[in-house]
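Take a look at the letters that make up each chain.
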Amino acid sequence: MKVSSVEAEGEYICEFQEEEENPFGSVFVTVIAKPDIRIEVNSETINDTHYQLVSCSAVGGRPMPQISWLVGDRPPSDFPFTVNESKTLHSNGTSTLISTLRFPTHLQDEESVICVVKHETLPNPKSTTANVETYARPNVTIKAEMVQQGGHDSWVVSCISSGGRPDTEISLALNGNNKVERESSANSDMKSLSVRLPVIEYEGHNITCVFKHPKFLYAESRRITLPTFYLSGVQFRSEVGSNSNEFLELQEGDSNIVISLEVTGNVPRYSIICK
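Residues numbered from 1 in each chain as written. Predicted model: local features only at pLDDT ≥ 70, side-chain atom pairs only at ≥ 80, totals over all residues. Heavy atoms only, no water.

Looking up the protein chain in an unreviewed UniProt entry gives the name Ig-like domain-containing protein, with the organism given as Ameca splendens. What UniProt states about the protein chain under its Sequence similarities (unreviewed entry) heading is, verbatim, "Belongs to the nectin family." (UniProt positions renumbered as here; feature names shortened; annotations may be inferred.)

Put into structure tokens, the structure is as follows:
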């Protein structure tokens, strides 16, 4: 006979007719069914936390299959992973087992998880891999650079996040009440938030960048203090004549005189007019 369904399971009896008695023999046939294995990945967000749910299904098996998980070649730990199973018995005698692996995305660094199904119809456990989303911790920094536009000097202060996944939430705080224009930019690997500040108005001001990301336990901040500029003096230098901080005395007839002016201070730029 060709076994086409589990209804073929049962006791089979052979009877032999003889003159004095009718002896018989029996055998019990057990029917097993190979399950169909399926895997899918879903996600959900609860209280601003992103979770992934990987469901592995062994459909139509007989007897009931067994499902286990591997994450990074190891069974998942109790934290941050949870595993839930559901079983369904079908009218044809087969059953379906669904195992769901759930974890918060920001606490799991493996790019894939493996579902392992054991069943009598399988000579070896069947492993099925599902690719999952992972988060990457960003590098965050603050920088300030001076630019000149229309004859005026300005600071461009930038909050920069690079290499993060997903995007970092960036905010910028000034220790003042002035409203300034903010400019955002982003590409596949970097996100930044910048402001342009007049140099003179923001001397000595503190500027703070605040970065929020799922990989940060708390928001991280970076602060910079813009310098206060000063010009304390100018000193004359020459290889001939008498030198002082206020004047340089030369003799009549001197020629090819090289005069140096040494400026003391930290101003970004200055001009000297000689008459």
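(A) Geometry of the pattern of salt bridges. Within the structure shown, the criterion is met by six salt bridges. In this structure, Arg62 and Glu9 form a salt bridge, with 2.8 Å as the shortest nitrogen-oxygen distance. Taken together, the residues span a long stretch of sequence, with Arg62 in the loop between β4 (49–61) and β5 (66–70) and Glu9 in the segment before β1 (10–15) at a distance of 53 residues. On the accessibility criterion, Glu9 (27% relative accessible area) is partly exposed. The partner of Asp109 in a salt bridge is Lys215, and the shortest N-O contact between them spans 2.6 Å. Here Lys215 lies in the loop between β15 (206–212) and β16 (220–225) and Asp109 lies in the loop between β7 (95–104) and β8 (112–118), a separation of 106 residues in the sequence. It is possible to trace a salt-bridge network through shared partners that takes in Arg137, Glu220 and Arg222. (Salt bridge = Lys/Arg side-chain N within 4 Å of Asp/Glu carboxyl O. Helix = DSSP H or I, 4+ residues; strand = E, 2+ residues; numbered from the N terminus. Buried < 20%, exposed > 50% of the residue type's maximum accessible area, 1.4 Å probe, protein only.)

(B) Spatial organisation of the side chain of His213. Topologically, His213 is positioned in the loop between β15 and β16. The class for His213 is buried, based on a relative accessible area of 7%. For His213, the side chain forms a polar contact with the main-chain oxygen of Arg165, separated by 3.4 Å. Looking at His213, its side chain comes within polar contact range of the main-chain oxygen of Pro166, at 3.0 Å. Residue contacts for His213: discarding those within four places in its chain leaves Ala136, Pro138, Gly164, Arg165, Pro166, Asp167 and Thr168. (Polar contact = N/O pair within 3.5 Å; in protein donor to acceptor, adjacent residues only side chain to side chain. Contact = heavy atoms within 4.5 Å.)

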